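# A structural walkthrough
Single-letter residue listing:
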Amino acid sequence: MKVDPVSLRLFVAVMEEGTIAAAALREHLAPAAVSKRISELEAALDTVLFQRSNKGAQATAAAHALLGLARGVLYGLDDIAEQMAGYASGLRGHVRVFANISAITQFLPDDLRSFMAVAPLVQVHLQERISSAIARAVADSTADIGILNAGAYGEPLAMLPYREDELVLIVPRAHPLARRKKASFREALAHEFVGAHPGSAVNNQLHRAAAEIGLPLRLRIQVSGYDAMSLMVAAGMGIGILPRRSARLYLASLDIRAVALDEPWVRRQLVVCVRSLEALSPAARSLVEHLCAGASPGPV
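First, a word on scope: everything that follows refers to the structure included in this document. Just so you know, these numbers come straight off a predicted model, no measurement behind them.

With that settled, consider the nonpolar core. One finds Leu 169, Phe 185, Phe 193, Leu 206, Met 229, Ile 241 and Trp 265 to be the most contacted residues of the largest nonpolar core, which totals 35 residues. Of all elements in the fold, only β6 (158-172), α8 (185-188), β8 (193-196), α9 (201-213), α10 (226-234), β10 (240-243), α11 (244-251) and β11 (256-261) reach the threshold of two or more residues within this core. Here this core takes 5 residues from β6, the largest share from any one element. Look past the residues within four positions of Trp 265 in its chain and what remains in contact with it is Leu 167, Phe 185, Gln 205, Leu 206 and Ala 209. Counting residues in each nonpolar core, the second largest holds 23 residues, with Leu 108, Ile 145, Tyr 162 and Leu 291 among its members.

Printed below as a string of structure tokens:
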């Protein structure tokens, strides 16, 4: 049995308006077209819905029973259309995002808050990873979107500008470098470091920079987060390097100071990476567009 939704909608109109002529006027159709649809519905259901006479059409008991069922079906179809329209426009769905700690502690809280204000039905699943792991996850479809430091990761990915940040040195307040507004990395290498965990972008950068100078990078301890790094620096375990905006989270509560580094590599570009924009779901594409809308260098 095939029941046409259009016929159901016209049937409901006839029941609500009382006559075929009034229903036809409401639906902007000819009365003959509405009458034909009702006859086809009766044939599909093998049930008489209206007793016809020269005085008009009188609804049968079957018609009254069908009215509630028809309304439920039509409401359900409208709901399907509304929800699917949400997916098509990118305002509904699930998006898996992998981001490095620099993006998470500096920019993503505000960016995701503003995105969810305009797309509250999109569920964003955010996980922290180091940049190399983010590139692999996006390449193998474990993540839809990655946010990481710009660079070559050996993966065929599309990368879009996101934000800029600046690395700074954090030292205990009693440290000899704490009285300086700016220091070179060579001067910093005279001291022990609290390092980021192996494989992180900051850790790799420090090793490269130390090798170029020809001095050892003395890592006293390595930690997996900026909060742990700041706590260890405050405890006198060494000095550390992290993004300026991330450092601001800890300067007021811990006995540490931020010192600018006089090196060209301290300014970094963060990027949004995807396998391809064309392959993204509407929800994921909406998030990418939102993130990249503020792609000019962020304040540091």
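Scanning all chains against the criterion turns up 16 salt bridges. Between Arg 71 and Glu 16 there is a salt bridge, with its nearest N and O atoms 3.1 Å apart. Placement of Arg 71 in helix α4 (residues 61-88) and of Glu 16 in helix α1 (residues 5-17) is noted, with a sequence separation of 55 residues between them. Of the residues examined, Arg 71 reaches a relative accessible area of 29% and is grouped as partly exposed. A residue is classified by how much of its surface remains accessible, and Glu 16, at 41% relative accessible area, is partly exposed. We note a salt bridge from Arg 26 to Glu 27, for which the minimum N-O separation is 3.4 Å. Overall, the relative accessible area of 33% leaves Arg 26 in the partly exposed class. One network of salt bridges, with partners in common, ties together Glu 16, Glu 17, Arg 26, Glu 27 and Arg 71.

Conventions used here
Residues numbered from 1 in each chain as written. Predicted model: local features only at pLDDT ≥ 70, side-chain atom pairs only at ≥ 80, totals over all residues. Heavy atoms only, no water. Core = buried A, V, L, I, M, F, W, Y, C linked by side-chain atoms within 4.5 Å. Buried < 20%, exposed > 50% of the residue type's maximum accessible area, 1.4 Å probe, protein only. Helix = DSSP H or I, 4+ residues; strand = E, 2+ residues; numbered from the N terminus. Contact = heavy atoms within 4.5 Å. Salt bridge = Lys/Arg side-chain N within 4 Å of Asp/Glu carboxyl O.

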